[in-house]
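Letter by letter, the chains look like this.
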Amino acid sequence: ALTFTNRAANELRERIEGDVGPGAAEAVSVGTFHRVCLTILRDDVEALNSDIRRGFAVYDQAAMIKLCGRCISEKPPVGLGWDKAEIKPARVQSAISAAKNAGFDAATYAAAVRDGYADPAVAKVFALYEATLRQRNAVDFDDMLGLTAQLLEAAPATRAKYRDRWAHVLVDEFQDTNGVQYEVLKLLAQKSVFVVGDADQAIYGWRGADYGNQRRYDRDFGATLLKLERNYRSAQPILSAAAAVVEATGRARDELALVGRAAGEATTPAVIALDDQDAEAAFIADVCARAPGDVAVLYRTNAQSRAVERELLKAGVKYQLLHARGFFDRKEVRDTLAYLKLLAHPADDGAFERVANVPPRAVGPRSLERLRLQAAENGTSMRAAARSPSPNVPKRAATNLAAFCDALEALDALREATPRPAADA
């Protein structure tokens, strides 16, 4: 069973255990597309015959953006020597991600540039970005999908292995799949494929999702359509308003007669046009101040909360801000994870750079830049270069880097000496 969030996967797993019992539930694999693809790569990446080897590291979006920034701004041969103020790392990373989700690698993207269909600057960063990932034996989030598709396509024995393991495949939120995910599904599945989706809820086109996959599924698998027209979550006024919005698009769609919960005290949704965010915040605060009970205010980005909070304070309305910052986005958590990554993957230069001066040990950006150049010239990782820094690295920084390497080696020894849990042995 393939889902799109860890939360959905956990909930589905709990429901399966509740219905069939923990023993029978063990025969069902539940996870996100990325998690399932990562599991396949961890077990069988060597069948792909690529530069990626077992024990590879995985880069999240923050690490991907940082690596793009390094490829853009560092001096050759480490980077391209460009100005990050003009070539934004986040924009380039987004373009590379979109290209990978559309099935491009660095070489095919460069060919698209020659044909006039792609960005030349992105192509140069893309090539260096991919080379650096391979040097570090690392993959990014998008590689989990693309490399799995390549693996299943190129290795018939591996494809047969997983087809035999998963005779039946279910995909939830199918309208959010992109082209690569659909290819993975076609390669994994035989005939028993059940998908749940609603093209009217397709809101992730900006990140490559293609609700047209539902039509392709109908064509490729000869699907039978089952309509789920009973909505247990929303009151009828909400459903009627949503249906009116979708119908106004004029897009071809399956006809649905949605029936929701009894309206009860639910009111008809209203659209209020206001001059700017300040007027909007004042309106929200006024509604909250006059409401007889609790009010939930939903917004798309964290930056939008500031104006609302200001007006709520002015109106004397007590409020609670939920999930303003994710736990794994906190600096101290990301630093800790970088230490763990560096122990598990000594060649992970991204993790090394993050913690080389955490806590402060007089290893500044210039020292790291010189160490980076030394590592590139010698074809080693920055951690290996830090053991014997070149004379270009300031003496104090070189001494502290050596002490840092000693500390890492002590942690390595501690890790090796620590008994593993029986399940991992």
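One can find the structure itself at the top, above this paragraph.
### A few points about the environment of A375
Considering the arrangement of structural elements, one finds A375 in helix 17 (residues 365-378). In the structure, A375 is positioned 24 residues away from A351 in sequence and 15 Å away in space, judged by C-alpha atoms. When near neighbours in sequence (up to four residues on either side) are disregarded, A375 contacts T380, S381, M382 and A385.

### Thoughts on the pairing of strand 7 (residues 230-235)
The two faces of the sheet receive side chains in turn, since in a regular strand these alternate between them. Here strand 7 runs beside strand 8 (residues 259-261); their pairing, made up of two bridges, is parallel. Among the inter-strand pairings, A235 is bridged to a residue of strand 8, identified as R261. Crossover strand 7 to strand 8 through helix 12 (residues 236-247) is right-handed.

### Overview of the packing of aromatic side chains
The tally for this structure, following the rule as stated, stands at nine aromatic pairs. Residues F4 and F33 carry aromatic rings whose centres are separated by 5.7 Å and whose planes lie at 50 degrees to one another, so their mutual orientation is tilted. Note that F4 is positioned in the loop between strand 1 (2-3) and helix 1 (6-20) and F33 in helix 3 (residues 33-44), a separation of 29 residues in sequence. The class of F33 is buried, set by a relative accessible area of 2%. On the numbers, 5.4 Å between centres and 40 degrees between planes, the contact of Y217 with F221 is tilted. Linking Y217 with F221, this pair stays in helix 11 (residues 213-221), spanning four residues, or about one helical turn. Residue class for Y217 comes out buried when judged on its relative accessible area of 9%. The structure contains a cluster of three or more aromatic residues connected by ring pairs, namely F174, Y182, Y217 and F221. Taking the ring centre of F56 as reference, the NZ or CZ of R42 above it sits at 4.2 Å. Lying over the aromatic face of Y232, R230 brings its terminal NZ or CZ to 5.7 Å of the ring centre.

What counts and how
Residues numbered from 1 in each chain as written. Predicted model: local features only at pLDDT ≥ 70, side-chain atom pairs only at ≥ 80, totals over all residues. Heavy atoms only, no water. Helix = DSSP H or I, 4+ residues; strand = E, 2+ residues; numbered from the N terminus. Contact = heavy atoms within 4.5 Å. Pairing = 2+ DSSP bridges. Right-handed = clockwise from strand over helix to strand, strands pointing away. Phe/Tyr/Trp six-rings, centres within 6.5 Å; stacked < 30°, edge-to-face > 60°. Buried < 20%, exposed > 50% of the residue type's maximum accessible area, 1.4 Å probe, protein only. Lys NZ or Arg CZ within 6 Å of the ring centre and 35° of its normal.

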